[in-house]
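Residue strings, one per chain:
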Amino acid sequence: TVPGRRWAPLRLPVAATVLIALLGVGVYGMTSASSTVLAAQLTLDHLKCVRLISPGATVKPMQALKEWAQRYDWTPRMPSPAPARKASLVGVRRCLYGRGHLAHLLYEVQGHTVSVFVMPRSEYPADAAPARHDFLGQHAEVWAAGDQSFAVVGDVDADTLSTLATELRASE
């Protein structure tokens, strides 16, 4: 057996691992540069977290905000849908995204779970129009206000999601 040959079968898996790592770093860096990448990442997070909330659960918004501020030393703005929409907060999670951690608020809206993401820094130009995206049957809208960025993601129809996003921007 030639000594160099025993490593030959390992070259492809090692090369594939290095390539995946480099792509991961590249996507991580693009999150703030592209609302499309950010919306795709948040849509995947939405789909994951929807499975983790307990059916019938509700959360008191003021209590959740107080606990969040104590635990994470950051007070996110917590936009909420208009009262006429009859939405209820069903979960508050701390999730990871390309630039660190964000607040992930889950609302029950018209029988659908809709996520509102609050990022602690501006990831999207504040003067830019909200960006709309569609991924995996979910609609997403991304915008910035002041020093924070926001996104709303859900499987409600696109017009309902857009109206909901407008309501959330108005409630900030």
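See above for the structure.
Just so we're clear, the structure is a prediction, and the values are computed from it rather than from any experiment. (Residues numbered from 1 in each chain as written. Predicted model: local features only at pLDDT ≥ 70, side-chain atom pairs only at ≥ 80, totals over all residues. Heavy atoms only, no water.)

To continue, consider the side chain of Glu 141. With respect to the helices and strands, the residue Glu 141 is situated in strand β5 (residues 138–145). Within polar-contact distance, the side chain of Glu 141 engages the side chain of Arg 169 at 2.9 Å. Discounting chain neighbours no more than four positions away, the residues touching Glu 141 are Pro 130, Ala 131, Arg 132, Phe 150, Ala 151, Val 152, Leu 161, Ser 162, Ala 165 and Arg 169. (Helix = DSSP H or I, 4+ residues; strand = E, 2+ residues; numbered from the N terminus. Polar contact = N/O pair within 3.5 Å; in protein donor to acceptor, adjacent residues only side chain to side chain. Contact = heavy atoms within 4.5 Å.)

Attention now goes to the pattern of salt bridges. Counted by the stated rule, this structure contains 3 salt bridges. Notably, a salt bridge pairs Glu 141 with Arg 132, separated by 3.0 Å at the nearest N-O pair. On the basis of relative accessibility, which here comes to 53%, the residue Arg 132 falls in the exposed class. A salt bridge links Arg 169 to Glu 141; the nearest nitrogen and oxygen atoms lie 2.9 Å apart. Here Arg 169 is found in helix α4 (residues 158–171), whereas its partner Glu 141 is found in strand β5, with 28 residues between them in sequence. (Salt bridge = Lys/Arg side-chain N within 4 Å of Asp/Glu carboxyl O. Buried < 20%, exposed > 50% of the residue type's maximum accessible area, 1.4 Å probe, protein only.)

Before going further, it helps to spend a moment on the nonpolar core. Residues Val 116, Val 118 and Val 152 are the most contacted members of the largest nonpolar core, which totals 20 residues. Taken together, the elements giving at least two residues each to this core come down to α3 (61–72), β2 (100–109), β3 (112–119), β5, β6 (148–154) and α4. Apart from the residues within four sequence positions on either side, Val 118 is in contact with Trp 74, Pro 76, Arg 77, Pro 79, Leu 102, Ala 103, Leu 105, Gln 148, Ser 149 and Phe 150. Cys 95, Ala 140, Ala 151 and Val 153 belong to the second-largest nonpolar core, a separate cluster that totals 16 residues. (Core = buried A, V, L, I, M, F, W, Y, C linked by side-chain atoms within 4.5 Å.)

Bringing the environment of Met 78 into the picture now. Its location among the elements puts Met 78 in the loop between α3 and β1 (88–97). Residues Met 78 and Leu 65, spaced 13 residues apart in sequence, show a C-alpha to C-alpha distance of 7.6 Å. Once you skip the residues sitting within four places of it in the chain, Met 78 turns out to touch Pro 61, Ala 64, Leu 65, Leu 89, Leu 105 and Tyr 107.

The next subject is the side chain of Asp 45. Checked against the element boundaries, Asp 45 lands in helix α2 (residues 35–50). Within polar-contact distance, the side chain of Asp 45 engages the side chain of Lys 48 at 3.0 Å. In this view, Asp 45 contacts Cys 95, His 104 and Phe 117; residues no more than four positions away in its chain are not counted.

This part takes up unusual backbone geometry. Both trends apply: most residues other than glycine have a negative phi, and most peptide bonds are in trans. Even without glycine at this site, Gln 110 takes up a positive phi of about 50°. Residue position: Gln 110 is located in the loop between β2 and β3. Phi is positive for Leu 136, which is not a glycine, with a value near 50°. Examined against the element boundaries, Leu 136 turns out to sit in the loop between β4 (131–135) and β5. The exposure class of Leu 136 is exposed, given its relative accessible area of 61%.

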